[in-house]
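Residues per chain, in single letters:
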Amino acid sequence: MGSGQLVAVFGAYGHTGQFVVAELAARGFAPVLSGRNAETLDELARKHRLEARVASAGDPASLDQALMGTAAVINCAGPFASTTGPVIEAALRAGIPYLDVAAELEANLDTFAHYRERARKAGAVIVPAMAFFGGLGDLLVTAAMGDWTEADEAHIAYALSHWHPTAGTRLSGAVSRERRGDHRLRYSGGQWEHRTDAAPTLEWAFPEPMGPRQVIGEFTMADVVTVPQHLSIPDVITYMSAEAARDVATPHTPAPTAADESGRSDQTFLVDVVVRSGGAERRATASGQDIYAVTAPLVAEALERVLTGRTKTVGVAAAGEIFDASDFLHALAPHVALDLHPQKPNA
């Protein structure tokens, strides 16, 4: 466990950031709360009796001060297009690992493109998208692959009971749309495609007892960035349950509200992964409650493994690339219910 190690959490007062702070404290770390809003930061620090350090992505000196003496930094502050670069640079200057919970495709692509070689040469560890979108799907695909060294295609289907987006989700989505323009992204044939047609609507056969559900196909999420970085799979496609896709696209959908003492909402999720090679198929599923809350044990488990040397590489690395995927997934109990061999519903 953390043994009192200082860990900076940038964006600590955000919705996901607060879950991360609580999870780190429960694991014995000493979170150092950081962000640009001094008033909100101080209020959270007083509530939890933790140290606060005001910092802004636009002020490198303040970031250096925020990371001083810490063992690592977790970036929870969106939009990540504005924060990943500055916080990664500060982590490199401090010589500490960097992890983030970014779901923005463009921000994650930038991290791999701009820092992979530099971080590898420095022996630094940078783990982007270590969250529900990105990290979890990547781990499931890697675990489903097993001893396969390559596959033809990977499919990651998300069934959410509903999706009440946070203000951060909405802001990050707006930034991504601004950068992308009228295009949507699809990864096919080992390449990124910019498409202007509408994403398809189809039916996905989720494992029982859920069964077939309508989904939006090519609902491209962070997993589509991370998986091809380390697995030889030319076609990677993600899907989102139609109801949840409508929720997050609707401007007036409310923000998530707490349904238990931990602050989790009543949202439930099922992630169903199918990997195909030739005529063979392998599957893996994970289910649980609240996509924002479950990000906290995901990134905290990753942090513990990085700090204790339970890693397989250095540089910028996806979750399944740097960690033992099956072992990591099993360590998430009781937060995530796992099935590596689910049965497909009858056609």
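Cut-offs and rules
Residues numbered from 1 in each chain as written. Predicted model: local features only at pLDDT ≥ 70, side-chain atom pairs only at ≥ 80, totals over all residues. Heavy atoms only, no water. Pairing = 2+ DSSP bridges. Helix = DSSP H or I, 4+ residues; strand = E, 2+ residues; numbered from the N terminus. Contact = heavy atoms within 4.5 Å. Axes fitted to C-alpha atoms, helices over the stretch in contact; angles between N-to-C directions. Buried < 20%, exposed > 50% of the residue type's maximum accessible area, 1.4 Å probe, protein only. Right-handed = clockwise from strand over helix to strand, strands pointing away. Expected span 1.5 Å × (residues − 1). Arc of directions from axis to C-beta. Core = buried A, V, L, I, M, F, W, Y, C linked by side-chain atoms within 4.5 Å. Phe/Tyr/Trp six-rings, centres within 6.5 Å; stacked < 30°, edge-to-face > 60°. Parallel < 35°, antiparallel > 145°, perpendicular 65-115°, else oblique. Left-handed = near helix turned anticlockwise from the far one by under 90°. Nonpolar A, V, L, I, M, F, W, Y, C, P; charged D, E, K, R; others polar. Salt bridge = Lys/Arg side-chain N within 4 Å of Asp/Glu carboxyl O.

### Remarks on the sheet that holds strand 5 (residues 98–100)
In step 1: The sheet built from 7 strands is open, its strands ordered 3-2-1-4-5-6-15 with parallel pairing. Two strands lie at the open edges of the sheet, namely strand 3 (51–54) and strand 15 (315–316), each paired on one side alone.
In step 2: Summarising the sheet, strand 6 (residues 125–127) and strand 15 pair through 2 bridges and their orientation is parallel. The residue of strand 15 that forms the bridge with I126 is V316.
In step 3: The strands touched by helix 3 (residues 60–67) are strand 1 (6–10), strand 2 (30–35), strand 3 and strand 4 (72–75); relative to strand 3, the strand with the most contacts, the crossing angle is about 165°.
In step 4: In the packing of helix 10 (residues 295–307) onto the sheet, contacts are made with strand 1, strand 4, strand 5 and strand 6, and the angle to strand 4 comes to roughly 160°.

### Observations concerning the pairing of strand 2
In step 1: For strand 2, the tally of buried residues reaches 5 of 6 residues, placing the bulk of the element in the interior.
In step 2: Bridge count between strand 1 and strand 2: 5 bridges; the pairing is parallel. Each residue of the ladder has a partner; that of F10, found in strand 2, is S34.
In step 3: Once the chain exits strand 1 it traverses helix 1 (residues 15–26) before rejoining the sheet at strand 2, and the crossover so formed is right-handed.
In step 4: By the bridge criterion, 4 bridges tie strand 2 to strand 3 in an arrangement that is parallel. Residue pairing in the sheet places S34 in a bridge with R53 of strand 3.

### Remarks on unusual backbone geometry
In step 1: Looking along the chain, the bond that leaves G78 and enters P79 is cis, with omega of 0°.
In step 2: Tracing the sequence through the fold places P79 in the loop between strand 4 and helix 4 (80–94).
In step 3: Notably, A129 is not glycine yet its phi reads approximately 55°, a positive angle.
In step 4: For A129, a relative accessible area of 1% corresponds to the buried category.

### Some details on helix 7 (residues 167–180)
In step 1: For helix 7, built from 14 residues, the straight-helix expectation of 20 Å at 1.5 Å per residue is met to within 8% by its first-to-last C-alpha distance of 20 Å.
In step 2: Every buried residue belonging to helix 7 is among S172, V175 and S176, and all of these are buried. Buried residues of helix 7, viewed axially, fall in a sector of 100°; they line one side. Opposite the packed face of helix 7, turned more than 90 degrees from it, sit the exposed residues A167, R177 and E178.
In step 3: Where helix 7 is buried, its residues touch helix 4 and helix 5 (105–122).
In step 4: Following helix 7 by one or two positions, G181 has its phi on the positive side, about 70°.

### Remarks on the nonpolar core
In step 1: Grouped together as the largest cluster of nonpolar side chains are 79 residues, with contacts concentrated most on M130, F132, V141 and W163.
In step 2: Tallying contributions element by element places helix 6 (residues 132–145) first for this core, with 9 residues.
In step 3: If near-sequence neighbours (up to four positions away) are discounted, W163 is found in contact with F133, T169, F219, M221, M240, A244, D247, V248, T253, Q267, I291 and Y292.
In step 4: F10, A66, I88 and Y98 belong to the second largest nonpolar core, which has 24 residues in total.

### Section: the packing of aromatic side chains
In step 1: In the structure shown here, the tally under the stated rule is 9 aromatic pairs.
In step 2: Ring geometry for F132 and F269: centres 4.8 Å apart, planes at 65°, overall edge-to-face. With F132 in helix 6 and F269 in strand 13 (residues 268–277), this residue pair connects regions lying 137 residues apart in the sequence. The two residues F132 and F269 agree in class, both being buried.
In step 3: A network of ring pairs unites the aromatic residues F132, F133, Y158, W163 and F269 as a single cluster.

### Some points on the packing of helix 1 against helix 10
In step 1: Helix 10 packs onto helix 1 with a crossing angle of 50° between their chain directions and a minimal axis gap of 8 Å. For the element pair helix 1 / helix 10, the angle class is oblique. The two elements helix 1 and helix 10 meet at a crossing, and its hand is right-handed. The segment helix 1 lies against helix 10, with T16, F19, V20, E23 and L24 engaging T295, A296, P297, V299, A300 and L303.
In step 2: The residue makeup of the contact of helix 1 with helix 10, split by class, is 8 nonpolar, 2 polar and 1 charged.

### Details of the pattern of salt bridges
In step 1: Under the criterion given, the structure shown has 23 salt bridges.
In step 2: The shortest N-O distance in the salt bridge between R276 and E281 comes to 2.9 Å.
In step 3: Residue class for R276 comes out partly exposed when judged on its relative accessible area of 24%.
In step 4: The salt bridge partner of D327 is R305, with a shortest N-O separation of 2.9 Å. Taken as a pair, D327 in helix 12 (residues 325–331) and R305 in helix 10 lie far apart in primary sequence, 22 residues in all.
In step 5: What you see here is one network of salt bridges that share partners, running through E23, R27, E301, E304, R305 and D327.

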